[in-house]
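What follows is each chain in one-letter form.
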Amino acid sequence: MHKPILFIDFDGTLCHDRFWRSLSEEQYKKVQSLLFEENMSFAEEWMKGKHTAEEVNQFLAEQLGIPFEEIWEIFVKDAETMSVPKDVLETIGKLRERYATILITVNMDSFSRFTVPALELSNYFDAISNSYFEGKFKSDNEGEVFRDYIQKYSAPVDRSILIDDSTGACETFRALGGVAYQVTTEEDISHHLTKLNKS
C-alpha cells in the first residue's frame, strides 16, 4: 500500500521571513515595489528559473544605487537565517511514517542554494519541489506539479494532503481530489499538523 503525500508550502506556511529583510526599511520597501509591483513579470520569470539570484540582485543594486556585494551579502545571509519552528519540523519528521512528505514552494534558486541547506530541510522531507526548477507554479496546467508527484509516488490522491496559505493552491489541489488545509492567522501550520498527528 503506497503512502499518501503530505505537501507543505514554505512561504506564509512554514516560514514568514523575507529575503532582504535586513535592508533598511526604506530600501526593503523599494525592493518589494521594484520586484513585486513594478516588475512582477520579472519576479515570476525568476521563480520559474529564467533568472538567477545574482542577476536579480545586480538589477536591484543598480536601482537602489548600492554596491552589488553589499546587497548580495545581505540577501544570502537573510536566505540562510530564515526561521522555521523546530517543533514544527520535528512533527513533520514524525509524520513521515504515514506520509511521503514534500515541501512544495513557489520560490527562487536562492531557496534551494541557501535556505534548504542552512535549515537542513532535506532531513524532514522526502522531496523538495521548487518552482524555480519545476518551471511551473502550483496552479499551472490545473495542478500539473501535484499530479506529477502523485504519479511518481503512486500515492492515493484522496488521502493526500496539502497545507498551504494560498487559496488558489488549495482550490487547485481539491479539484484534483486531494484534501487541502488552508493556513490562516487563526489556524496556523501547527494547528493542522497537530490535527494530522492525532488522526
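For the structure, see preceding data.
What counts, and at which threshold
Residues numbered from 1 in each chain as written. Predicted model: local features only at pLDDT ≥ 70, side-chain atom pairs only at ≥ 80, totals over all residues. Heavy atoms only, no water. Helix = DSSP H or I, 4+ residues; strand = E, 2+ residues; numbered from the N terminus. Rg over C-alpha atoms; globule rule 2.2 N^0.38 Å. Buried < 20%, exposed > 50% of the residue type's maximum accessible area, 1.4 Å probe, protein only. Contact = heavy atoms within 4.5 Å. Areas by Shrake-Rupley, 256 points an atom, 1.4 Å probe, with all protein chains shown as cover. Lys, Arg positive; Asp, Glu negative; His and termini not counted. Charge placed at Lys NZ, Arg CZ, Asp CG, Glu CD. Expected span 1.5 Å × (residues − 1). Pairing = 2+ DSSP bridges. Axes fitted to C-alpha atoms, helices over the stretch in contact; angles between N-to-C directions. Right-handed = clockwise from strand over helix to strand, strands pointing away. Core = buried A, V, L, I, M, F, W, Y, C linked by side-chain atoms within 4.5 Å.

Draft legend 1. Quick peek at the overall build of the protein chain. Secondary structure assignment for the protein chain yields 10 helices and 5 strands. For 199 residues, the compact-globule estimate of 2.2 N^0.38 gives 16 Å, and the protein chain sits close to it at 17 Å. Considering only C-alpha atoms, the protein chain reaches an extent of 55 × 35 × 30 Å along its principal axes. When burial is assessed residue by residue, the protein chain has 48% of its 199 residues classed as buried. In the protein chain, once contacts between residues fewer than 6 apart in sequence are set aside, the share between residues at least 24 apart is 67%. Carbon together with sulfur atoms contributes 47% to the accessible area of the protein chain, which is approximately 9,700 Å² in total. On the protein chain, the mean spot of the 21 positive side-chain charges and the mean spot of the 35 negative ones are 7 Å from each other.

Draft legend 2. The arrangement of the environment of Ile-150 in detail. Along the chain, Ile-150 falls in helix α8 (residues 144-152). The sequence separation of Ile-150 and Ala-100 amounts to 50 residues, and the corresponding C-alpha distance is 10.0 Å. With residues up to four places along the chain from it excluded, the contact list for Ile-150 reads Ile-5, Phe-7, Ala-155, Val-157 and Phe-173.

Draft legend 3. Representation of helix α1 (residues 25-38) within the structure. Under the 1.5 Å per step criterion, the end-to-end length of α1 is 18 Å for 14 residues, consistent within 8% with the ideal 20 Å. Inspection of α1 places Val-31, Gln-32, Ser-33, Leu-34 and Leu-35 among the buried residues, and these make up the whole buried set. Tucked into the core, α1 has its buried residues touching α2 (40-47) and α3 (53-64).

Draft legend 4. A look at the sheet that holds strand β2 (residues 100-105). As summarised here, the arrangement of the 5 strands in space is β3-β2-β1-β4-β5, forming an open sheet in which the pairing is parallel. Each of the sheet's edge strands pairs with one partner strand only, and the pair in question is β3 (127-130) and β5 (179-182). Recorded for the sheet is a direction-independent mean angle of 20° between the axes of neighbouring strands. Sheet analysis places strand β1 (residues 5-8) next to β2, joined by 4 bridges and oriented parallel. In the sheet register, Ile-8 faces β2, and the bridge partner there is Leu-103.

Draft legend 5. Region of interest: the pairing of β3. Direction of pairing for β2 relative to β3: parallel, over a ladder of 4 bridges. Bridging across to β3, Ile-104 finds its partner in Ser-129. Running through helix α6 (residues 109-119), the crossover from β2 to the neighbouring parallel element β3 is right-handed.

Draft legend 6. The arrangement of the nonpolar core in detail. Leu-6, Phe-10, Leu-14, Trp-20, Trp-46, Phe-75 and Leu-193 are the most contacted members of the largest nonpolar core, which totals 50 residues. The element best represented in this core is helix α4 (residues 68-80), accounting for 6 residues. Those residues in contact with Trp-20 that sit more than four places away from it in its chain are Tyr-28, Val-31, Gln-32, Leu-35, Trp-46, Val-56, Asn-57, Leu-60, Ile-71, Ile-74, Phe-75 and Asp-78. Listed in part, the 16 residues of the second largest apolar core include Ala-127, Ala-155, Ala-169 and Phe-173.

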